Amino acid sequence: MSPELDSTAAVLSLTVVRDGIGIRLAADGEVDMSTADNLRDCLDELLDQKPDKLTVDLAGVTFLDSSGIATLVHAYNRAIKQDAGLNVVNCQRNVRRVLELTGLLSVMSDGT
């Protein structure tokens, strides 16, 4: 008997681009308790590479819950300890609002 797939499960795609300035991680999909661990693992792997700057592009993220917020805070704190920059950019309206309400957008954004 094969396990049933939950058709309502969130999907998150992560794409890494390296350039002369740093590393850019583009996320596409939903960041919730079922996908936040994947995002956290990817951010940890990228921070292990000791970049000067890590940009998290959320243009494709349609939903962000508290586990996603915790993941971003974890990565931000780790980047600060490494003396690296971490910026969150290109948030859709609903994701931007969540980050604004928590006060994180002003901390994790460089205005882009």
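Look above for the structure.
Residues numbered from 1 in each chain as written. Predicted model: local features only at pLDDT ≥ 70, side-chain atom pairs only at ≥ 80, totals over all residues. Heavy atoms only, no water.

Each helix and strand in the protein was counted, giving 4 helices and 4 strands. Put simply, the protein runs from its N terminus to its C terminus through helices and strands in the order β-β-α-β-α-β-α-α. Here the C-alpha atoms of the protein give a radius of gyration of 14 Å, agreeing with the 13 Å that 2.2 N^0.38 yields for 112 residues. Once the C-alpha set of the protein is aligned to its principal axes, its extents read approximately 50 × 30 × 20 Å. Of the accessible surface of the protein, which amounts to about 6,600 Å², a share of 51% is contributed by carbon and sulfur atoms. (Helix = DSSP H or I, 4+ residues; strand = E, 2+ residues; numbered from the N terminus. Rg over C-alpha atoms; globule rule 2.2 N^0.38 Å. Areas by Shrake-Rupley, 256 points an atom, 1.4 Å probe, with all protein chains shown as cover.)

We now examine the sheet that holds strand β4 (residues 85-89). Strand order in the open sheet formed by 4 strands is β1-β2-β3-β4, and the pairing between neighbours is mixed. Unpaired on one side and paired on the other, β1 (12-18) and β4 mark the two borders of the sheet. Adjacent strand axes in the sheet meet at a mean angle of 15 degrees when their direction is disregarded. Relative to strand β2 (residues 23-31), β1 runs antiparallel, the two sharing 7 bridges. Bridge pairing in β2 places Val17 opposite Arg24. Together, β2, β3 (53-64) and β4 form the strand contacts of helix α2 (residues 66-81), whose direction differs from that of β3 by roughly 175 degrees. Here helix α3 (residues 93-102) sits on the sheet and contacts β3 and β4; the angle it forms with β3, its principal contact strand, is near 115 degrees. (Pairing = 2+ DSSP bridges. Axes fitted to C-alpha atoms, helices over the stretch in contact; angles between N-to-C directions. Contact = heavy atoms within 4.5 Å.)

Right, let's talk about helix α1 (residues 36-48) for a bit. For α1, spanning 13 residues, the distance from its first C-alpha to its last is 18 Å, which sits close to the expected 18 Å at 1.5 Å a residue. When α1 is considered as a whole, its buried residues turn out to be Ala36, Leu39, Cys42, Leu43, Asp44, Leu46 and Leu47. Lining the buried residues of α1 we find β1, β2, β3 and α2. (Expected span 1.5 Å × (residues − 1). Buried < 20%, exposed > 50% of the residue type's maximum accessible area, 1.4 Å probe, protein only.)

Now for the pairing of β3. Looking along a regular strand, one sees the side chains alternate between the two faces of the sheet. As defined by bridge partners, β2 adjoins β3 across 8 bridges and the pair is classed as parallel. When the sheet's bridge partners are listed, Arg24 is paired in β3 with Thr55. Crossover β2 to β3 through α1 is right-handed. Examined bridge by bridge, β3 and β4 share 5 bridges and lie parallel to one another. Paired with Val56 across the two strands is Val88, which belongs to β4. On the question of chirality, the crossover connecting β3 to the parallel β4 by way of α2 is right-handed. (Right-handed = clockwise from strand over helix to strand, strands pointing away.)

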